[in-house]
Amino acid sequence: MPEFDPEAYAKQAAAAIGLPLNPAHLPGITMNLALAKRMAGLIEQMKITPADEAAPVYVPRKTP
Amino acid sequence: MSSAVSLAAEIRAGRRRAADVLEERLADIAARNANFNAFTEVTAARARAEAAAVDAKVAAGQDPGPMAGVPVAVKNLFDLEGITTLAGAKIERDSPPAVRDAFLVRQMQAAGAVMLGALNMDEYAYGFTTENAHYGPCHNPHDLTRIAGGSSGGSAAAVAGGLVPITLGSDTNGSIRVPSSLCGIWGLKPTYGRLSRSGGFLFAASFDHLGPFARDLADLALAYNVLQGEDPEDPAQHWLGAAPVDVSPEIGGLRIAVAGDHFTRGGHAEGFAAVEAVARALGTTQSVTIPDAALGRAAAFLITMAEGANLHLPNLRTRPEDFDFATRDRFLAGALLPAHWPQQAQRVRAAYRAKALALFDEVDVIIAPATPYVAPKIGQEMIEVEGAMIPVRPNLGVYTQPISCIGLPVIAAPIADPAALGTPGGMPIGVQLIAAPWAEAKLFRVAAMLEKLGVCKAPDVKA
């Protein structure tokens, strides 16, 4: 698997969501993406199963 | 400055006029706010009308409410009718004025409080320092060269500096508890869903809480009791009915422990010394591990990035240069995260919550550091922790993020004599008192005991 390239990723993901990127902002963006990847690596350590539902649960209407 | 409780008592009894109290506060703010850069807007006309209404009620023999004539102010992400809600952003100057007060502002007004204005903060609440590029840095009243903390820095500085006795702020990852600790005052982050957030500018809705700051614990309780109310407009509120608290130092039967593991590293000696001082005073010897706290912090980090960026994507697309440079690149990066990361984080968050809640079968209140160090200097980028130089700002939330991630209620309690604890320059520092969801009353009992023992109290600002 190729190594994560935050700058190349940022350019492609930004294009996908229609977000113009100023080249001057790229160093800060890539630094923050690299930090986010480290955080994502941490949460991957927790063993969860398909039964582990996400925290927010949709409520169609508050109970009166 | 008198406490809110004593001011309200004097005004209700007709011994002082709300209008006189207000004019004294307005003059003081005019003279000293520039030292702290706490207020971004002073709503003098509104305050004069509210004070006059309180005095008229007293003169007519009517009940003006439990906060009669108490001067208050709010972080500038709370809607104040007729004022543009800035949320610390230059971009929001273009927004129309708010058409209605935020729910919590209406609660205080109905209780007789007098609204003096809006307070400085990190842009869109994304920071722990209130070094705002558009509105200037907020200064710590205990040392004007240091930060007040953030993101509710103006709210903490206004209280610590004695401009008003009670303010409101928001806390997504620590933004009430961090400035409370750094400015040496009391702060309450209630259980997630306890207090309405409607009329507050959201940051990361999964974690956004609103709550009060005060110099006196009794004032914190007064504010918290007034703020409680059902609001069908806030989808995140989980209304269980009003649960008023008091400040009785009754801790018999409460099981109290110190947080271990994650909460014993990553900071300076003063943060841990504060915990030891509180534990010693309470006779606490038990330690508990909040399992996977570091993973909870990581989950909070990713969800915050994704939710915050999504909120601001239209402006990130069209006017990124108008963001504060301190938030812009984090928002831009947050907009680009693969969906797997925040979604996995929400599942990890739920699993972490289940583990953490099991702890409360064994303990009622957990003591943890609030901040890893005292207030850094304004502009300081790096700090040495455990032999390594790390960025000073994000690390300020190392102990608060794992707790707000799962919505536990917390009182930030100020150490009464930080100099005796050996803090650098005698600067303030606090601790977190943490309880199970909906158990704010237990926190107030422990806080009241700490106040009675003389361990916790807002330290005076040296002239």
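Let me sum up the structure you'll find in this document. (Residues numbered from 1 in each chain as written. Chains lettered and ligands numbered in written order. Predicted model: local features only at pLDDT ≥ 70, side-chain atom pairs only at ≥ 80, totals over all residues. Heavy atoms only, no water.)

This part covers unusual backbone geometry. Backbone phi values are negative for most residues with the exception of glycine, while trans is the configuration of most peptide bonds. All names here are of chain B. In this chain, Gly150 is followed by Ser151 through a cis amide linkage whose omega measures 10°. On the secondary structure map, Ser151 appears in the loop between strand S7 (143-147) and helix H5 (153-160). One non-glycine residue, Ala87, lies in the positive phi region at around 50°. Its place among the elements puts Ala87 in the loop between strand S2 (71-75) and helix H4 (103-110). The backbone phi angle of Trp438 is positive, close to 75°, even though this residue is not glycine. The topology assignment puts Trp438 in the loop between strand S17 (430-435) and helix H14 (440-452). (Helix = DSSP H or I, 4+ residues; strand = E, 2+ residues; numbered from the N terminus.)

This part is about the sheet that holds strand S3 (residues 114-119) of chain B. Residue and element names in this part refer to chain B. Read across the sheet, 11 strands follow the order S1-S3-S2-S8-S10-S9-S16-S17-S13-S11-S12 without closing on themselves; strand pairing throughout is mixed. On the outer flanks of this sheet lie strand S1 (39-42) and strand S12 (287-288), each paired with one strand and no other. With 3 bridges connecting them, S1 and S3 associate as antiparallel partners. Within S3, the residue paired with Phe39 across the bridge is Leu119. (Pairing = 2+ DSSP bridges.)

Our focus in this paragraph is the packing of aromatic side chains. Residue and element names in this part refer to chain B. Overall, the coordinates contain 10 aromatic pairs over all chains when judged by the stated rule. When the centroid spacing of 6.2 Å and the interplanar angle of 70° are considered together, the rings of Tyr124 and Phe331 count as edge-to-face. You can see Tyr124 sitting in the loop between S3 and strand S4 (131-132) and its partner Phe331 sitting in helix H10 (residues 325-334), a full 207 residues away along the chain. Phe331 shares its class with Tyr124; the two are buried. Taken together, Tyr124, Tyr126, Phe201, Phe203, Phe323 and Phe331 form an aromatic cluster joined through their ring pairs. The ring of Tyr126 carries Arg330 above its face, with NZ or CZ at 4.1 Å from the centroid. (Phe/Tyr/Trp six-rings, centres within 6.5 Å; stacked < 30°, edge-to-face > 60°. Buried < 20%, exposed > 50% of the residue type's maximum accessible area, 1.4 Å probe, protein only. Lys NZ or Arg CZ within 6 Å of the ring centre and 35° of its normal.)

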